[in-house]
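Working through the structure, step by step
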Amino acid sequence: MAKGKNKLKDVAAAINRSQTETSTQIRELMEHELIIKTGVFFRFHNKMFKFWLREVYEKKELSVLCSTNTENFLARVEEVIAEYDELCRLDVSERMLGLFRLFKNDMIEFGEKKRQLPHFTELMSVDSQEVPTENSRRLIGRGHGRCWVCKITEEKATEKEIRDLVEGPEDKKMPHTKVLLALKGLDDNAKLLAKEKRVLTLGLSRINLLMDIFGKSPIIDPGLVQTPAALPPTAQE
């Protein structure tokens, strides 16, 4: 699981054991709160434990077959940091498109609610007809008779975002789901309107839950990242 196999059938195949035996072993890990189940997916409760298993424990176990040392580990850490720096340069819409490409009709749980993640065969970023802004982008995903019409907003969503999404263009040839990706959440009125209009809303926590399930790095709220200039003098020293 630390290497990305997070569904029962995939884990069982990777360790060459039956699904029944594998399920029993996973259940023991869940009892110790090492593993969490979300829909059909399993994921680690502690991300550092996952990293340690993948980058330290496995290599230590294989050290008889290949050399491993502190320098190699530090080099790998620097490589992971560099990879994340590259991700941070990508626009949020690019990262969301990359995430959507991994959907394969699997079931996911958001709290007590279950939802199927449709397998998209066509994904596109659509230019908004509104005043151009870096804080609002649109995405459309289609496939196998399903369609998601999505709007990304990096500010706290209001009723306006819900109405723009509901009243915007749609594909009348197939059933569609309107999805608001609100990185800073929704205000109370927006939540009520989204429920009334049957708009699926995904805040940053749910988006990052999906990122975790599909082995992607989380999206960090830009407002939580302080630049050196924004730090107090003592923090810059």
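Above this text is the structure in question.
First, a word on what this report is: a plain description of the structure on this page. All figures in this text were calculated on a predicted structure; none of them were measured in a lab. (Residues numbered from 1 in each chain as written. Predicted model: local features only at pLDDT ≥ 70, side-chain atom pairs only at ≥ 80, totals over all residues. Heavy atoms only, no water.)

**A few points about the packing of aromatic side chains**
Defined as follows: Each Phe, Tyr or Trp ring (for Trp, its six-membered ring) is paired with any other whose centre lies within 6.5 Å, and the angle between the two planes then decides the class: stacked below 30 degrees, edge-to-face above 60, tilted in between. Summary of the burial criterion: residues with accessible area below 20% of their type's maximum are buried, those above 50% are exposed, and those between are partly exposed, where the area comes from a 1.4 Å probe applied to protein chains only.
Inspection of the entire model under this criterion finds eleven aromatic pairs. Taking the centre distance of 5.5 Å and the plane angle of 35° together, the rings of Trp 52 and Tyr 57 count as tilted. Looking at Tyr 57, the relative accessible area reads 38%, which means it is partly exposed. Arranged with centres 5.3 Å apart and planes meeting at 45°, the rings of Phe 100 and Phe 103 form a pair that is tilted. You can call Phe 100 buried: its relative accessible area is 1%. Here Phe 103 falls in the buried class, since its relative accessible area comes to 0%. Taken together, the aromatic side chains of Phe 41, Phe 100, Phe 103, Phe 120, Trp 148 and Phe 214 make up a single cluster linked through ring pairs.

**Topic: the pairing of strand β1 (residues 35-38)**
In plain terms, the rule: Pairing between two strands is assigned when DSSP locates at least 2 bridges connecting them. Secondary structure elements are defined from DSSP: runs of H or I of at least 4 residues count as helices, runs of E of at least 2 residues count as strands, and each element is numbered from the N terminus.
Of the pairings in the sheet, the one linking β1 to strand β2 (residues 41-44) comprises four bridges and is antiparallel in character. Within β2, the residue paired with Ile 35 across the bridge is Phe 44. A loop of two residues connects β1 with β2, the two strands running antiparallel in sequence, and Gly 39 in this loop sits at a positive phi of about 65°.

**Observations concerning the side chain of Lys 178**
As a reminder of what qualifies: As used in this structure description, the phrase polar contact means that two N or O atoms lie within 3.5 Å; if the pair is within protein, one of them must be able to donate a hydrogen and the other to accept it, and residues adjacent in sequence are counted only when both atoms belong to side chains.
Locating Lys 178 in the fold gives a position in strand β8 (residues 176-182). There is a polar contact of 2.8 Å between the side chain of Lys 178 and the backbone oxygen of Leu 165. A polar atom in the side chain of Lys 178 sits 3.2 Å from the backbone oxygen of Val 166.

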